[in-house]
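Spelled out, the chains give:
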Amino acid sequence: MDSSMAITLEAGVGLGANPIFADGTREQKERWLVPMARGEMLGAFGLTEPSGGTDAANLRTTARLDGDEWVIDGSKAFITNAGTEITGCVTIAAVTGVLPDGRREISAIIVPAGAPGFTVGPRYRKLGWHGSDTRELSFAGCRVPAGNLLGERGRGLQNFLRTLDDGRIAVAALATGLAQGCLDESLRYASERVAFGRPIGAFQALQFKIADMKVAVETARLATFKAAWLRDRGRPYKAEAALAKLYASEVAVTCAREAVQVHGAAGYMEDAPVARFYRDSKVLEIGEGTSEVQRILIARDLGLPEA
């Protein structure tokens, strides 16, 4: 289980390609989606900014029309797949005007790699996901064609939030896979490691830990499958996606912690798979909406009053 590879694929398909698949014109799909589908190009998804991530509507990046071009100013933070050798574009959300009711108009715009005024920062040094490309993006008078508007003007935030609903199912699957890896490694080690004349898996304390991991992994898998099943059949799935992402990500963190405990000192060594799982698991409770955001979405679906 390599979480860096998993998130690269998830972000490339779920966040990079899906918005273009859902909202792109025929020309945009031919230019961007075809090479993505061939594996020749990666796309990125630019929503989070240095000043806010969870508060997605509080964007500071702006885009104004100047003739037949958008002029973009602002920055994005923690963007996956933004600076790889095959990154072809990043779809960003930007404020493009003011609506009649006074709210800000937010639109989605495709920015090609290498566009004038577009700067990709150095790779972040992260706790985990070391093999995944994550960077800050800056736009200073960045110019792209007016035809790079993705979807309807003013619908960018709604479309991005829909993309996040899909992404939460994918992250739930990623988290379930990591938790399964923790279970597999714990079973292997508990059968091989001998203490007090017997495999440590013979001791009830470890049996209970591993049994609890099995229950959690299977429950996370079922929650993920249900959300995906609803989505594939065109039925409402926002709350189920939030539930699956919330539960599976917290299961991944718990299983990683317990797997290290099962391994003891060996699990704290850098060459142990469970040590990497431990580093990689925490971000699953943050990316694609924090655990707190998922709980808010679930509470709203239950009809509880909003704050």
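Residues numbered from 1 in each chain as written. Predicted model: local features only at pLDDT ≥ 70, side-chain atom pairs only at ≥ 80, totals over all residues. Heavy atoms only, no water.

## So, the overall build of the chain
1) Next: Counting its regular elements, the chain contains 7 helices and 10 strands.
2) Next: Against the 2.2 N^0.38 benchmark of 19 Å for 307 residues, the chain shows a C-alpha radius of gyration of 21 Å, consistent with a compact globule.
3) Next: Each of the 307 residues in the chain was classed as buried or not, and the buried ones make up 49%.
4) Next: Partitioning the intrachain contacts of the chain with sequence separation of at least 6 by distance along the chain shows that 72% fall at a separation of at least 24.
5) Next: Of the side-chain charges in the chain, 36 are positive and 37 negative, and the distance between the mean point of each set is 2 Å. (Helix = DSSP H or I, 4+ residues; strand = E, 2+ residues; numbered from the N terminus. Rg over C-alpha atoms; globule rule 2.2 N^0.38 Å. Buried < 20%, exposed > 50% of the residue type's maximum accessible area, 1.4 Å probe, protein only. Contact = heavy atoms within 4.5 Å. Lys, Arg positive; Asp, Glu negative; His and termini not counted. Charge placed at Lys NZ, Arg CZ, Asp CG, Glu CD.)

## Remarks on the packing of aromatic side chains
1) Next: For the structure shown, the criterion picks out 4 aromatic pairs.
2) Next: The cationic tip of Lys29 hangs over the ring face of Phe21; the distance from NZ or CZ to the ring centre is 5.6 Å. (Phe/Tyr/Trp six-rings, centres within 6.5 Å; stacked < 30°, edge-to-face > 60°. Lys NZ or Arg CZ within 6 Å of the ring centre and 35° of its normal.)

## Comments concerning the environment of Glu85
1) Next: Here Glu85 shows up in the loop between strand E3 (69-80) and strand E4 (87-98).
2) Next: For the pair Glu85 and Leu42, spaced 43 residues apart in sequence, the C-alpha to C-alpha distance is 8.9 Å.

## Quick look at the nonpolar core
1) Next: Grouped together as the largest cluster of nonpolar side chains are 40 residues, with contacts concentrated most on Leu178, Cys182, Ile200, Met213, Cys255, Val274 and Leu284.
2) Next: Among the elements of the structure, helix H3 (156-192), helix H4 (204-232), helix H5 (238-263) and helix H6 (273-281) are those that each provide at least two residues to this core.
3) Next: Of the residues forming this core, the biggest block, 11 residues, is contributed by H3.
4) Next: What Cys255 contacts, discounting residues up to four positions off in sequence, is Ala179, Cys182, Met213 and Val217.
5) Next: Ala17, Ile20, Leu47 and Cys89 belong to the second largest nonpolar core, which has 22 residues in total. (Core = buried A, V, L, I, M, F, W, Y, C linked by side-chain atoms within 4.5 Å.)

## Section: the pairing of strand E7 (residues 134-145)
1) Next: Bridging between E3 and E7 involves 9 bridges; their strand directions are antiparallel. Residue pairing across strands places Trp70 opposite Val144, the latter belonging to E7.
2) Next: Where strand E6 (residues 118-123) lies against E7, 4 bridges are found, and the strand directions are antiparallel. Opposite Phe118, over in E7, you have Phe139 as the bridge partner. (Pairing = 2+ DSSP bridges.)

## A word on unusual backbone geometry
1) Next: Of note, the phi angle at Asn81 is positive, near 70°, even though the residue is not glycine.
2) Next: Looking at where Asn81 falls in the secondary structure, it is placed in the loop between E3 and E4.
3) Next: The class for Asn81 is buried, based on a relative accessible area of 0%.
4) Next: One non-glycine residue, Glu288, lies in the positive phi region at around 60°.
5) Next: Structurally, Glu288 is set in the loop between H6 and helix H7 (291-301).

## A closer look at H3
At 3.6 residues per turn, the α-helix brings residues three or four places apart onto the same side.
1) Next: Compared with an ideal rise of 1.5 Å per residue, which puts 37 residues at 54 Å, H3 spans 53 Å between its outermost C-alpha atoms and is within 8% of the ideal.
2) Next: By the criterion of burial, H3 is predominantly enclosed, with 26 of the 37 residues buried. (Expected span 1.5 Å × (residues − 1).)

## Quick look at the packing of H3 against H4
When two helices pack together, their arrangement is given by the angle between their axes and by how far apart the axes lie.
1) Next: For the pair H3 and H4, the least separation of the axes is 9 Å and the interaxial angle reads 155°. Judged by the angle between their axes, H3 and H4 are roughly antiparallel. Where H3 crosses over H4, the two elements pack in a sense that is left-handed. Along its contact with H3, which presents Asp166, Ile169, Ala172, Ala173, Thr176, Ala179, Gln180, Cys182, Leu183, Ser186, Leu187 and Ala190, the element H4 presents Ile210, Met213, Lys214, Val217, Glu218, Ala220, Arg221, Thr224, Ala227, Ala228 and Arg231.
2) Next: A breakdown of the residues in the contact of H3 with H4 according to their chemical character gives 14 nonpolar, 4 polar and 5 charged. (Axes fitted to C-alpha atoms, helices over the stretch in contact; angles between N-to-C directions. Parallel < 35°, antiparallel > 145°, perpendicular 65-115°, else oblique. Left-handed = near helix turned anticlockwise from the far one by under 90°. Nonpolar A, V, L, I, M, F, W, Y, C, P; charged D, E, K, R; others polar.)

## Overview of the side chain of Thr91
1) Next: Within the element layout of this structure, Thr91 appears in strand E4.
2) Next: If sequence neighbours within four positions are ignored, Thr91 has contacts with Ile20, Ala44, Phe45, Gly46, Ala108, Ile109, Ile110, Leu150 and Phe160.

## A word on the pattern of salt bridges
1) Next: Considering all chains together, one arrives at 21 salt bridges under this definition.
2) Next: Residue Arg188 pairs with Glu185 through a salt bridge whose shortest N-O separation is 3.0 Å. Remark: Glu185 and Arg188 occur in helix H3; sequence separation between them is 3 residues, near one turn of the helix.
3) Next: Given a relative accessible area of 35%, Arg188 falls into the partly exposed group.
4) Next: On the accessibility criterion, Glu185 (19% relative accessible area) is buried. (Salt bridge = Lys/Arg side-chain N within 4 Å of Asp/Glu carboxyl O.)

All we've got here are geometric facts, nothing functional implied.
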